[in-house]
Amino acid sequence: MPSRLIKKDKKNMERKFCTALCLILALLFFNGCGFINFSFETTEPQTTETEITTKITDDFDFAVEDVPKLPPDPLGIRELKYEEMPTFDSLNALSEYILWCLLNENMLIECYISKDFAKNRSEGTNILETAFGNAFTYYLFAGFEAFEFYVEDNDEEKDLYARIKLYYPQWEKDLEAKAEALEYIAKNPVPENGFQSFIEEQRYAKQIHDFIAKKVMYSPLGYEEDGLQGEDSYENMQEAWNVLAEENTEAVCAGYARAFALICQYAGIDCSYVTGNEEENIGHAWNIIYPTDGSDPVIVDVTWDDNFSVDNKNQNHVAKAFFYCYSDVDRYHFPDKNMFDFIEYLHK
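From a predicted model like this one, the values you see are computed outputs, not experimental measurements.

Student: Just give me the short version of the sheet that holds strand E3 (residues 146-152), but keep the residues and values in it.
Tutor: Spatially, 4 strands are ordered E1-E2-E4-E3 in an open sheet, and the strand pairing comes out mixed. Edge positions in the sheet fall to strand E1 (87-88) and E3, since each of these pairs with one other strand and no more. The pairing of E3 with strand E4 (residues 159-167) spans 7 bridges and is classified as antiparallel. Bridge pairing in E4 links tyrosine 150 to arginine 163. Most of the contacts of helix H3 (residues 91-103) go to strand E2 (residues 108-114), to which it runs at about 165°, and overall it touches E1, E2 and E4. With respect to the sheet, helix H4 (residues 121-135) is in contact with E2, E3 and E4, its orientation differing from that of E3 by roughly 140°.

Student: A description of the packing of helix H6 (residues 198-215) against helix H8 (residues 253-266) should follow, citing residues and the corresponding values.
Tutor: At a minimum axis distance of 10 Å, the contact between H6 and H8 shows a crossing angle of 145°. Seen from above, H6 lies across H8 with right-handed handedness. Listed contacts from H8 to Ala205, Ile208, His209, Phe211 and Ile212 of H6 are Tyr256, Ala259, Phe260, Ile263 and Cys264. When the residues that make up the contact of H6 with H8 are grouped by side-chain class, the tally is 9 nonpolar, 1 polar and no charged.

Student: Explain the layout of surface pockets residue by residue, including any values.
Tutor: Put simply, the second largest pocket is a space of about 280 Å³. Forming the walls of the second largest pocket are 13 residues, and the residues nearest its centre are Lys69, Glu105, Tyr139, Trp171 and Lys178. Those elements giving two or more residues to the lining of the second largest pocket turn out to be E4 and helix H5 (171-187). Sorting elements by how many residues they give to the lining of the second largest pocket places H5 first, with 4 residues.

Student: Account for the packing of aromatic side chains, with residues named and values stated.
Tutor: As enumerated under the stated definition, the model contains 29 aromatic pairs in all. Seen in terms of ring centroids, phenylalanine 144 and tyrosine 168 are 6.1 Å apart; in terms of plane orientation they differ by 75°. Their pairing is edge-to-face. Note that phenylalanine 144 is positioned in the loop between H4 and E3 and tyrosine 168 in the loop between E4 and H5, a separation of 24 residues in sequence. Judged by its relative accessible area of 10%, tyrosine 168 falls in the buried class. By way of ring pairs, the aromatic residues Phe132, Phe136, Tyr139, Phe141, Phe144, Phe147, Phe149 and Tyr168 are connected into one cluster. Here lysine 173 stacks its cationic end above the ring of tryptophan 241, 4.4 Å away from the centre of that ring. Here arginine 258 stacks its cationic end above the ring of tyrosine 273, 4.3 Å away from the centre of that ring.

Student: How would you summarise the pattern of salt bridges if you had to cite specific residues and measurements?
Tutor: Taken as a whole, this structure holds 7 salt bridges when the rule is applied. A salt bridge links lysine 206 to aspartate 210; its shortest N-O distance comes to 2.8 Å. With lysine 206 and aspartate 210 both in helix H6 and 4 residues apart, this pair spans about one turn of that helix. The exposure class of lysine 206 is buried, given its relative accessible area of 18%. Residue classification places aspartate 210 among the buried positions, given a relative accessible area of 17%. Residue lysine 337 pairs with aspartate 341 through a salt bridge whose shortest N-O separation is 2.7 Å. Of this pair, lysine 337 and aspartate 341 both sit in helix H10 (residues 337-346), 4 residues apart, which is roughly one turn of the helix. Here aspartate 341 falls in the partly exposed class, since its relative accessible area comes to 26%.

Basis of the calculations
Residues numbered from 1 in each chain as written. Predicted model: local features only at pLDDT ≥ 70, side-chain atom pairs only at ≥ 80, totals over all residues. Heavy atoms only, no water. Pairing = 2+ DSSP bridges. Helix = DSSP H or I, 4+ residues; strand = E, 2+ residues; numbered from the N terminus. Contact = heavy atoms within 4.5 Å. Axes fitted to C-alpha atoms, helices over the stretch in contact; angles between N-to-C directions. Left-handed = near helix turned anticlockwise from the far one by under 90°. Nonpolar A, V, L, I, M, F, W, Y, C, P; charged D, E, K, R; others polar. 1 Å grid on protein atoms, 1.4 Å probe; cavity = no way out; pocket = protein on both sides within 12 Å on 5 of 7 lines; lining within 4 Å. Points joined across faces, edges and corners; volume = space filled by probe spheres on them. Phe/Tyr/Trp six-rings, centres within 6.5 Å; stacked < 30°, edge-to-face > 60°. Buried < 20%, exposed > 50% of the residue type's maximum accessible area, 1.4 Å probe, protein only. Lys NZ or Arg CZ within 6 Å of the ring centre and 35° of its normal. Salt bridge = Lys/Arg side-chain N within 4 Å of Asp/Glu carboxyl O.

So, in structure tokens, the structure goes:
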């Protein structure tokens, strides 16, 4: 073979060797930087948080058997401690105790009322009934049928014995309402650490507000004050179930307000239910929210905003004239004084 060809082959081999050496050095460098992994050990694949999160689809149903046993408690009332038979000398303290019992699903409520507060059986009964009504600002299920208000005045005792006994014959409807509220939360998750700002919480509350207004229409029963007498609260369309159950399409103001408060409370929003007179002798129900930033409470009236819109099922637009209104500006809502005083008492 001519010597010039040998030299040429030798040079080609040297070039190939240098190229291979540079490639090996480059690979070793990138492996050291973590860009390439030469490890051949068998390891489990790393799963990201996004991959392990189950996507909630529109057809997802929250099973009633998964509903927590106890209702939402945004104020932490259940953490309070009471002796076995407490004695009360103020309306708000008695109301708070009844609320505590209801939030613990205790339907037999017993206590004493000081005779310094209620001098006789008649006064004690009126106080007990008022306190019971106040408790429904944060306990949102009023579909009880068999109940008892009993006050005993033993002249030899310094206190009145008081008892309330409740029975919920259609508890499964309330359970369904809770499941639907939790389903909404599952499909519209709240921030992991709760709402951190006024605006963030307000936006979420507006979503709930619009969801309810679009789902149901105001029932003609609401225009017939006498027509609501003598029927249970479900037939009167006054319960959260009347709004949230999938098949339901109509409700009155109490149903709107209870459904809104129920979803809000499950979402961690401090929302109460309140009744009063929008005008003289005309009853109404709406909501009060205490914002997460500690600012002044605001009024939300889903019923009126629905009626001020084109009130059709699945309507596109929902008014917001009565959404997050401050009470010192609003001139149309006059809450029951005892209920409003109790709400303020709980926030002192």
